[in-house]
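One-letter residues, chain by chain:
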Amino acid sequence: METFHSLERHCYGDVCHCDFRLSIYGCVESEPARIINIINIALSALLTIVGLSLTYHRIVIKGYKFMDSNPKKGILRPKPIDSMLLFITIFNSIRCVCSIVLVLDIAADNMAFRSYIYEGGFHWGLTAFTLYLIGIAQTLVESHKAISDGWLPSPFIVDMIGLSIIFLSFVGNTILAVGAGIMARSNIKAAEIFVQVNYIVWFVLTASVAFSVLYCGSRLLKTLKSHIKRFNTSNERYLNIKNGIFKIRVMMGLIVFCLVAYAASVLVFGVIRNAVIKNYAANVILCVSYNMLAPITMLFIEISIIFK
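Quick notes on the rules
Residues numbered from 1 in each chain as written. Predicted model: local features only at pLDDT ≥ 70, side-chain atom pairs only at ≥ 80, totals over all residues. Heavy atoms only, no water. Pairing = 2+ DSSP bridges. Helix = DSSP H or I, 4+ residues; strand = E, 2+ residues; numbered from the N terminus. Axes fitted to C-alpha atoms, helices over the stretch in contact; angles between N-to-C directions. Parallel < 35°, antiparallel > 145°, perpendicular 65-115°, else oblique. Left-handed = near helix turned anticlockwise from the far one by under 90°. Disulfide = S-S within 2.5 Å. Buried < 20%, exposed > 50% of the residue type's maximum accessible area, 1.4 Å probe, protein only. Nonpolar A, V, L, I, M, F, W, Y, C, P; charged D, E, K, R; others polar. pLDDT = per-residue confidence, 0-100. Phe/Tyr/Trp six-rings, centres within 6.5 Å; stacked < 30°, edge-to-face > 60°. Lys NZ or Arg CZ within 6 Å of the ring centre and 35° of its normal. 1 Å grid on protein atoms, 1.4 Å probe; cavity = no way out; pocket = protein on both sides within 12 Å on 5 of 7 lines; lining within 4 Å. Points joined across faces, edges and corners; volume = space filled by probe spheres on them.

Participant: Could you clarify how one ought to interpret the sheet that holds strand β1 (residues 4–5) in this entry?
Facilitator: By way of backbone hydrogen bonds, the strands of a sheet pair with one another, either parallel or antiparallel. Read across the sheet, 3 strands follow the order β1-β2-β3 without closing on themselves; strand pairing throughout is antiparallel. For this open sheet the edge positions go to β1 and β3 (15–18), each flanked by a neighbour on one side alone. Pairing of strand β2 (residues 9–12) with β3 involves 4 bridges; the strand directions are antiparallel. Along β3, the bridge assignment pairs Tyr12 with Val15.

Set out below in structure tokens:
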């Protein structure tokens, strides 16, 4: 029988279970949650350092840019690799801070802050993948406009889709996350509803970006594979397109895998949150998924950028 119920902790007699997003102490999952967050601190710090180094090398030394200067491509004109790299570096730095807050138990009673700092990093991660989607579609399809015309939406539509996803993740999810934290002590039912709605919105956004990356990437790969047949295998153009196909396939696979797995996790947590919290195995599994999935994916992304 439940004897204590708050946003961050559910207790059944002397046995307590924590919402791993908000607290990791005073519950049966404390030790694995603490270890997971310590690993996340180390991994996220490493990825932040590598990301900053790669960004400096590409932007300052090599002279690459975050945005395309061609206004015909619309408002959002991100260079796919460099814009994504910038935002995943920001993501990793915030996730590192979040785990430090949990491990050191900083502002333990401030649920609005805890909720905000936990959700804050994921906005930047989703934006990174959204900008990659927009950038790769605009850059590569523009480069092969003669053979891919007809399936890419107009720059205006691409802008609206991209801006809508970014706006909803930053503004909508932040309002829901902070609102849940504010109401945590005064209206627990309303706070839990805010949490559930927040994660259902996250599911819709991440699933939408995953589907878009898969659809656009698959169509682009099909187009490029058809185009490459026109060139001799020793032709430089053939080698460039073949290399481009490989890079798109790698990035697309990593991004889609990460987003689909994360979408599944947030959907489960949003629909049956209380059941997940009180189940030790489910609690730890989702804690691992939430904390490790994105950093491991981004580790492979940074490795692929390093080795081109």
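Participant: Even after reading the chapter, I still don't get the packing of helix α1 (residues 30–61) against helix α2 (residues 80–103), so can you show me in this structure?
Facilitator: Geometrically, a packed helix pair is captured by the angle between its two axes and the distance between the axes. The N-to-C vectors of α1 and α2 enclose an angle of 150 degrees; their axes lie 8 Å apart at closest approach. Taken together, the axis directions place α1 and α2 in an arrangement best described as roughly antiparallel. Seen along the crossing, α1 lies across α2 with a hand that is left-handed.

Participant: In this structure, what is going on with the pairing of β2? I would like to understand it.
Facilitator: Side-chain direction in a regular strand flips from residue to residue, so the side chains alternate between the two faces of the sheet. In the sheet, β1 pairs with β2 via 2 bridges, with the strands oriented antiparallel. In the strand pairing of β2, Phe4 is matched with Cys11. Where β1 hands over to β2, the hairpin turn is made up of 3 residues, counted between the paired strands. Connecting β2 to the antiparallel partner β3 that follows it, the hairpin turn spans 2 residues, and Gly13 within it adopts a positive phi of roughly 70 degrees.

Participant: Hey, could you run me through the state of the cysteines in this one?
Facilitator: Among covalent bonds in proteins, the disulfide is the one between the sulfur atoms of two cysteines. Scanning the entire structure with this criterion turns up 2 disulfides. The partner cysteine of Cys11 in its disulfide is Cys16, sulfur to sulfur 1.9 Å. Handedness here is read from the sign of the S-S torsion; for Cys11 and Cys16, about 105 degrees, the answer is right-handed. Of the two residues examined, Cys11 and Cys16, each falls in the buried class. Between the sulfur atoms of Cys18 and its disulfide mate Cys27 the distance is 2.4 Å.

Participant: Help me out: how do you make sense of the packing of α1 against helix α9 (residues 280–306) in this one?
Facilitator: Where α1 meets α9, the axes come as close as 10 Å, and the angle between the chain directions of the two elements is 20 degrees. Taken together, the axes of α1 and α9 lie roughly parallel to each other. In the crossing of α1 with α9, the sense of the turn from one axis to the other is left-handed. Residue composition of the contact of α1 with α9, grouped by class: 19 nonpolar, 5 polar and 2 charged.

Participant: What's the story with the confidence of the model for the chain in this structure? I'm lost.
Facilitator: Of the residues in the chain, 88% have a pLDDT of 70 or more, and the chain-wide mean is 86. Model confidence for the chain, summarised as mean pLDDT per element, is weakest for helix α4 (residues 145–148) at 53 and strongest for α1 at 95.

Participant: Teacher, can you tell me more about the packing of aromatic side chains here?
Facilitator: One pair of aromatic rings is described through two measures. These are the centre distance and the angle between the planes. Scanning the model with the defined rule gives 14 aromatic pairs in all. Between Phe91 and Phe122, the ring centres sit 5.8 Å apart and the planes meet at 65 degrees, which makes this aromatic pair edge-to-face. Highlighted residues: Phe91 in helix α2 and Phe122 in helix α3 (residues 111–143), separated in sequence by 31 residues. Here Phe91 falls in the buried class, since its relative accessible area comes to 2%. Three or more aromatic residues link up through ring pairs in this structure, and these residues are Phe20, Phe91, Tyr118, Phe122, Tyr199, Trp202, Tyr262, Phe269 and Tyr290. A cation over a ring is seen here: Arg95 above Tyr118, with NZ or CZ 4.8 Å from the ring centre.

Participant: So what exactly am I meant to see when it comes to empty space enclosed by the protein here?
Facilitator: Space left empty within the atom packing is revealed by a probe, the size of a water molecule, rolled over the atoms. Summed over all chains, the structure comprises 3 cavities of 30 Å³ or more. The computed volume of the largest cavity comes to approximately 130 Å³. Lining the largest cavity are 15 residues, with Phe122, Cys258, Leu259, Tyr262 and Ala294 sitting closest to its centre. Going through the elements one at a time, α3, α6 (188–228), α7 (236–271) and α9 are the ones with two or more residues in the lining of the largest cavity. Among the elements that line the lining of the largest cavity, the one with the most residues is α9, at 5 residues.

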